[in-house]
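# Examination of the molecular architecture
Okay, here's what each chain looks like letter by letter:
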Amino acid sequence: MARVLEMKLDFTAILARWQMLLDGMALTIQLAVITILTGFLIGTACAIARRSKFRLPATIAAVYVELIRNTPFLVQIFVVYFGLSSLGFKFTAVTVAIIALTINVGAYTAEIMRAGFDSIHRGQWEAAECLGLTRVQAYWHVALLPAMERIYPSLTSQFILLMLASSITSQISVEELTAAANFIQSETYRPLETYIVIAIIYLALSLALRLAFWLLGMLIFPRRRRLGTNL
Amino acid sequence: MNNAINATHLTFLLTGAFWTLVLSLMAFVGGGVVGLVIALGRTSPVRFLRILSGGYVQIVQGTPLLVILFVVYFGLPTVGYSLSPMLAAGLSLTIYVSAYLGEIWRGCLEAVPKAQWEAAECLALSKTQRMVKVILPQAVRIATPPTVGFSVQIIKNTSLASVVGFVELARAGQLINNSIFQPFSIYMIVALLYFCMCFPISVFSRRLERTGASRLKAAETAVSA
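Residues numbered from 1 in each chain as written. Chains lettered and ligands numbered in written order. Predicted model: local features only at pLDDT ≥ 70, side-chain atom pairs only at ≥ 80, totals over all residues.

Each helix and strand in chain B was counted, giving eight helices and zero strands. When the helices and strands of chain B are read in sequence order from the N terminus, they spell out α-α-α-α-α-α-α-α. Along the longest, intermediate and shortest principal axes, the C-alpha atoms of chain B span 75 × 50 × 25 Å. Out of the 225 residues belonging to chain B, those deemed buried represent 37%. In chain B, once contacts between residues fewer than 6 apart in sequence are set aside, the share between residues at least 24 apart is 74%. (Helix = DSSP H or I, 4+ residues; strand = E, 2+ residues; numbered from the N terminus. Buried ≥ 20, exposed ≤ 12 C-beta atoms within 10 Å, placed from the backbone. Contact = placed C-beta atoms within 7 Å.)

Take the UniProt feature "transmembrane region" (unreviewed entry) in chain A next. Residue and element names in this part refer to chain A. The UniProt record marks residues 27-49 and 194-221 with the feature "transmembrane region" (unreviewed entry), using the residue numbering of this structure. Here residues 27-49 runs as 100% helix and 0% strand, with 32 Å between its end C-alpha atoms. The span residues 194-221 is 96% helical and 0% strand by assignment, and the distance between its end C-alpha atoms comes to 40 Å. (UniProt positions renumbered as here; feature names shortened; annotations may be inferred.)

Now for the interface of chain A and chain B. Where the parts come together, the accessible area they lose is often given as the size of the interface. The partner chain B presents 30 residues to the 32 residues of chain A that form the contact. No other element matches the 10 residues that helix α10 (residues 191-220) of chain A contributes to the side of chain A that touches chain B. Class assignment of the residues belonging to the side of chain A that touches chain B gives a composition of 20 nonpolar, nine polar and three charged. (Nonpolar A, V, L, I, M, F, W, Y, C, P; charged D, E, K, R; others polar.)

Under the UniProt annotation, "domain: ABC transmembrane type-1" (unreviewed entry) lies at residues 17-205 of chain B. What you have in residues 17-205 of chain B is 81% helix and 0% strand, and the ends, taken at the C-alpha atoms, are 21 Å apart.

Turning our attention to the nonpolar core. General note: in soluble globular proteins, nonpolar side chains tend to be found buried as a group. Counting residues in each nonpolar core, the largest one holds 116 residues, and the members touching the most others are A:V75, A:Y195, A:I198, B:V67, B:L69, B:Y96 and B:V190. Other than its neighbours up to four places away in sequence, B:V67 contacts A:S167, A:T178, A:Y195, A:I198, A:A199 and A:Y202. (Core = buried A, V, L, I, M, F, W, Y, C linked by C-beta atoms within 7 Å.)

Let us now look at the packing of helix α5 (residues 73-86) of chain A against helix α6 (residues 93-118) of chain A. Residue and element names in this part refer to chain A. Where α5 meets α6, the closest approach of the two axes is 9 Å, and the angle between their N-to-C directions is 130°. Here α5 is positioned oblique relative to α6, judged by the angle of their axes. Here the hand of the crossing between α5 and α6 comes out right-handed. Residues F73, Q76, I77, V80, Y81 and L84 of α5 form the contact with α6, whose own contacting residues are V96, I99, A100, I103 and N104. Classifying every residue of the contact of α5 with α6 gives nine nonpolar, two polar and no charged. (Axes fitted to C-alpha atoms, helices over the stretch in contact; angles between N-to-C directions. Parallel < 35°, antiparallel > 145°, perpendicular 65-115°, else oblique. Left-handed = near helix turned anticlockwise from the far one by under 90°.)

Time to look at the confidence of the model for chain B. For chain B, the mean per-residue pLDDT works out to 92, and 95% of the residues sit at or above 70. Scoring the predicted complex yields pTM 0.90 and, for the interface, ipTM 0.89. (pLDDT = per-residue confidence, 0-100.)

Turning our eyes to something else, we now look at the UniProt feature "transmembrane region" (unreviewed entry) in chain B. Residue and element names in this part refer to chain B. Here, the residues flagged by UniProt with the feature "transmembrane region" (unreviewed entry) are residues 12-39, 51-76 and 184-205. Secondary structure over residues 51-76 splits into 85% helix and 0% strand, and the C-alpha atoms at its two ends are 26 Å apart. In the segment residues 184-205, helix accounts for 100% and strand for 0%; the C-alpha atoms at its two ends are 31 Å apart.

All names here are of chain B. Residue placement: V167 occurs in the loop between α6 (127-157) and α7 (169-180). V167 sits in the partly exposed class, given 18 other C-beta atoms within 10 Å. In this structure, the C-alpha to C-alpha distance between V167 and P85, residues 82 residues apart in sequence, is 8.9 Å. Contact partners of V167, with chain neighbours within four places excluded, come to G16, W19, A172 and L175.

Shown next, in the form of structure tokens:
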């Protein structure tokens, strides 16, 4: 305990390397934004495939979702990293990270979106059919927004978890925020201060992401805007 | 040197899987104990406790587990607390799990119908009696499926302990890879082993959810009938 009191936390060396932190932060944000979009597309496609009346796409989507949801992201990223290179593809670490994160979050989004689509009342689907809409049109014009509105909080949490999980890509030498921290602490010999700073930045990023999703929700769900609440 | 994966490698991986389970259990027990305190704090009538536990949850859930692990493993030694990789991983996971379980269990405590709280109060039970004899038994039943589901997350997240050199399943895979360099096949086997640990639990949790939902429905129809 005495040593704790003697020891003073010194952040000057870390804050002096703010440029590195900023670069890392920028890459973390980029990774998050890109994979939120790609993951959402893949996830929604898989949710629709899983609900399809055709056996094959439903099974493929189910296997994909279960495989990804029951293995750690760290192992997934290694499999993708070494799998792609053994197939002869030469991708940069950032590209591999984007692919792995997309595959990962796609599976989680698929489960969430499926729950959303399942929550749409049967009458809505029947009404869409009676109006002569095709299945695709029914999903697009009738089901998508109300489904998203219902599962929007889970979707938001999942995307924040995705942003935090992007820290794991530092393990394949992607130079995002955590990798920047690893580098800074090896230069300054101040690991405690460095990782505290990083933790605060991640905290700020997740709050910012939450705020961004809240604003987006206000924008795309008019009902929420009018009522000021969820449904 | 032989570059094929042999039985020794598989035994090594299985030993790694064993340590993954040990670490998961540590995290679950540690995180469960702290998580219960957090859940009680979050639902406490004392405002200060609510803010304190709420802040803890916000901070932990807004930080990657990897960074928590680095703070504990690399940061604490500079202020005089050196931890072995296993203890560091166990402590980080405990912190991480407690925030999530605390939040899950808070939801479960709040899901116990208000009438039950009031009824217990009307029966002149003390606050402790009310919690232990009336609320917790019902909350435990509600909490079982999501808790089992979350234990899958715990098992998966123990893989991060490999980063600080604790030899669990993922680290065992890395070590074998260093000697025979067959990354793709090794990590596929590692993934398969993780899947074998997690998938049964996922299925079990889903089954619990279904029976729980149907039991709830049956209770509702019984009441309305």
